[in-house]
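Residue-level listing of the chains:
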Amino acid sequence: AHYLDRIAATDGRLHAFTTVLREAALARADEVDARRASWRDRPLLGVPIAVKDVICTRGVPTTAGSRILAGYRPPYDATVVSRLLDAGAVIVGKTNCDEFAMGSSTEHSAYGPTRNPWALDRIPGGSSGGAAAAVAAGQAPASIGTDTGGSIRQPAALCGVVGLKPTYGRVSRYGLLAFASSLDQIGPLTWTVADAAAVLQVLAGPDPRDATASTEPPPDLSRLFPGNVRGTRIGVPRVALADGVDPEVLDAFGAALAMLSDRGAEVCDVDLPHMQYAVPVYYLVAPAEASSNLARYDGVRYGHRAKLDGAAAGVSEMYARTRSEGFGAEVKRRIMLGTYALSAGYYDAYYVHAQRVRSLIRNDFDRAFAAVDAVAMPTTPTPAFRIGERIDDPLAMYLGDVFTVSANLTGLPAISLPAGLTQARLPIGFQLVGRPFDEATLLRIGDALE
Ligand code: GLN
């Protein structure tokens, strides 16, 4: 009731939610209360959680921030939702996001933007902007987001909360509306590092319904805290920080490193020579996969269908009109970019080439991890920008992803941690990237930083 009241009091201004499940959540909380004795061992017993609206919830609208899915109610729960419910959680609502998770500001939602709780004229980041704003504003103690190129970590950084992108395959994507299948991961946004560990513990693990989910057993994250960093080696790719990074972000980054070395960590330089190509590689691979994944929204199987006058219109016209009406400008831009990159004659020059450079980026990280336990970078080059500031400049929006996309291209786990405020009181994030399936090290370092 506390969190639902908080949502009722604040969401008119923030618009973090696309759907608030007031009645259902209260009924569920009563059920949890009634079963408290026999459910005592459930790790998230009675914990209210908000879920990004790209994740299927049975009987509850799931829009992906798109008009094309208006009115769609999935007949099943995503695996992550079933796991949360099995753990005793209460789902309080669905959170706003950029359409199909394409964006960095939550301005590309068909249902209007979400505002940053720290400054209402600013973006909360994206695409999981609603999920980050909800936690930052105390509307829920934890939320579930998705991260294809930074969409958990970047909004977490800009809203001053913890955001964890697990290793590719760590968490099942069954029931996630796919954006770019070789990059998408689901993960938690929380107030504290220990909370992120507790939620990841519930989400992680093999799933027979998702062939890309790893068979690696979930880690035991309960014994990491308090985090100790004595002897932990942290690498910094200095060249990547050379230009275009806001001085206040650089200061906060330096202060976090100094604090870690004070506590016994060894900080050294690492070389990631191909990271400079991560943004162009990402913006070939992600739209290519998106153009294929979004082909299913054709007006036949889900959601919106264009109303056609007369029986003369054929099925092709129905597809075209449905997609023209249903998708927003950014999604159309991605479908066109991706279709172009995959087309005969260009496929080798663009898609295949991008996949080769992607392997080089992964090799750089593998080499770095022979010498260090984690790589540190800022999460974003700047703090939250103003609503409207980059909406007409897709390239400026894309370049803001410079520090986040390599973890998705390589599949590596990464976390964004709150690292203080600018003079204007805007949150800044500190990011760590880890070895495959070594979320534990990231959480341990993050806890030491708290
Ligand atoms: N900002 C990136 C994009 O627009 C990442 C989005 C994401 O992680 N879902 O594609």
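Residues numbered from 1 in each chain as written. Predicted model: local features only at pLDDT ≥ 70, side-chain atom pairs only at ≥ 80, totals over all residues.

(A) Layout of the nonpolar core. Residues I49 and V92 are the most contacted members of the largest nonpolar core, which totals 129 residues. The leading source of residues in this core is helix α8 (residues 278-293), at 10 residues. (Core = buried A, V, L, I, M, F, W, Y, C linked by C-beta atoms within 7 Å. Buried ≥ 20, exposed ≤ 12 C-beta atoms within 10 Å, placed from the backbone. Helix = DSSP H or I, 4+ residues; strand = E, 2+ residues; numbered from the N terminus.)

(B) Here's a closer look at unusual backbone geometry. For the peptide bond that leads from G126 to S127, omega is 10°, which places it in the cis range. If you trace the backbone, S127 turns up in the loop between β3 (90-95) and α4 (129-136). Residue F225 is joined to P226 through a cis peptide bond whose omega torsion reads 0°. Note on placement: P226 falls in the loop between α6 (193-203) and β7 (233-236). Not every positive phi belongs to a glycine, and A101 is a case in point at roughly 70°. Within the secondary structure, A101 is located in the loop between β3 and α4.

(C) Local environment of the site of the ligand. In the region of the ligand, 13 residues are neighbours, and A101, S104, T148, G149 and S151 sit closest. Its residues assigned to classes, the shell around the ligand shows 4 nonpolar, 7 polar and 2 charged. (Near = placed C-beta within 6 Å. Nonpolar A, V, L, I, M, F, W, Y, C, P; charged D, E, K, R; others polar.)

(D) Looking closely at the UniProt feature "active site" (unreviewed entry) in the chain. UniProt feature "active site" (unreviewed entry): in the numbering of this structure it lies at K52, S127 and S151. These residues run over 100 residues, yet every pair of their C-alpha atoms falls within 10.9 Å of each other. Within the secondary structure, K52 sits in strand β2 (residues 48-52). Overall, the presence of 32 C-beta atoms within 10 Å leaves K52 in the buried class. If sequence neighbours within four positions are ignored, K52 has contacts with T95, C97, S128, G130, A131, I144, G145 and T146. Its place among the elements puts S151 in the loop between β4 (142-147) and α5 (153-159). By C-beta crowding, S151 is classed as buried, having 36 other C-beta atoms within 10 Å. Look past the residues within four positions of S151 in its chain and what remains in contact with it is A101, G126, S127, S128, G145 and T146. (UniProt positions renumbered as here; feature names shortened; annotations may be inferred. Contact = placed C-beta atoms within 7 Å.)

(E) A look at the pairing of strand β8 (residues 266-269). Across 4 bridges, β7 lies against β8 in parallel orientation. Each residue of the ladder has a partner; that of G235, found in β8, is C268. In this view, the connection linking β7 to its parallel neighbour β8 by way of helix α7 (residues 247-262) has right-handed handedness. (Pairing = 2+ DSSP bridges. Right-handed = clockwise from strand over helix to strand, strands pointing away.)

(F) Inspection of the packing of α6 against helix α14 (residues 439-449) at higher detail. Where α6 contacts α14, the two axes come as close as 9 Å, and the packing angle between them is 160°. The angle between α6 and α14 falls in the class roughly antiparallel. Residue-level contacts link V193, A194, A196, A197 and L200 of α6 to E439, L443, G446 and D447 of α14. For the contact of α6 with α14, a count of residues per class yields 6 nonpolar, 1 polar and 2 charged. (Axes fitted to C-alpha atoms, helices over the stretch in contact; angles between N-to-C directions. Parallel < 35°, antiparallel > 145°, perpendicular 65-115°, else oblique.)

(G) Geometry of the environment of D30. Examined against the element boundaries, D30 turns out to sit in helix α2 (residues 22-34). Here the alpha-carbon distance between D30 and G46, two residues 16 residues apart in the chain, equals 9.3 Å.

(H) Representation of the domain arrangement of the chain in the model. Segmentation of the chain into domains returns domain 1 (2-203), domain 2 (233-272 + 360-449) and domain 3 (280-349). The gap between the C-alpha centroids of domain 2 and domain 3 is 34 Å. Contacts between domain 2 and domain 3 engage 5 residues on the former and 4 residues on the latter. Only α12 (394-399) and α13 (405-410) provide two or more residues apiece to the side of domain 2 that touches domain 3. When the residues that make up the side of domain 2 that touches domain 3 are grouped by side-chain class, the tally is 4 nonpolar, no polar and 1 charged. (Domains from an automatic or database assignment.)

(I) Local environment of the sheet that holds strand β9 (residues 374-378). Pairing in this open sheet of 11 strands is mixed, and the strands run β1-β3-β2-β4-β6-β5-β10-β11-β9-β7-β8 from one edge to the other. Strands with a single pairing partner mark the edges of an open sheet, and in this sheet they are β1 (17-20) and β8. Averaged over all pairs of adjacent strands, the angle between their axes in this sheet comes to 30°, without regard to strand direction. With 2 bridges joining them, strand β5 (residues 162-165) and strand β6 (residues 185-190) adopt antiparallel strand pairing. Residue pairing for β6: G163 is matched across the bridge by L189. The strands touched by α2 within the sheet are β1, β2 and β3, with β3 carrying the most contacts at an inclination of about 160°.

(J) Local environment of the environment of T190. You can see T190 is positioned in strand β6. Residue T190 is classed as buried on the basis of its 24 C-beta neighbours within 10 Å. Taking the C-alpha atoms as reference points, T190 and V162, 28 residues apart in sequence, are found 5.2 Å from one another. In contact with T190, other than residues within four places in its own chain, are V135, A142, V161, V162, D195, A196 and V199.

(K) Broad picture of α8. If you check α8, its first and last C-alpha atoms are 22 Å apart, about what 16 residues at 1.5 Å a residue would give, namely 22 Å. A large share of α8 lies buried, amounting to 13 of its 16 residues. (Expected span 1.5 Å × (residues − 1).)

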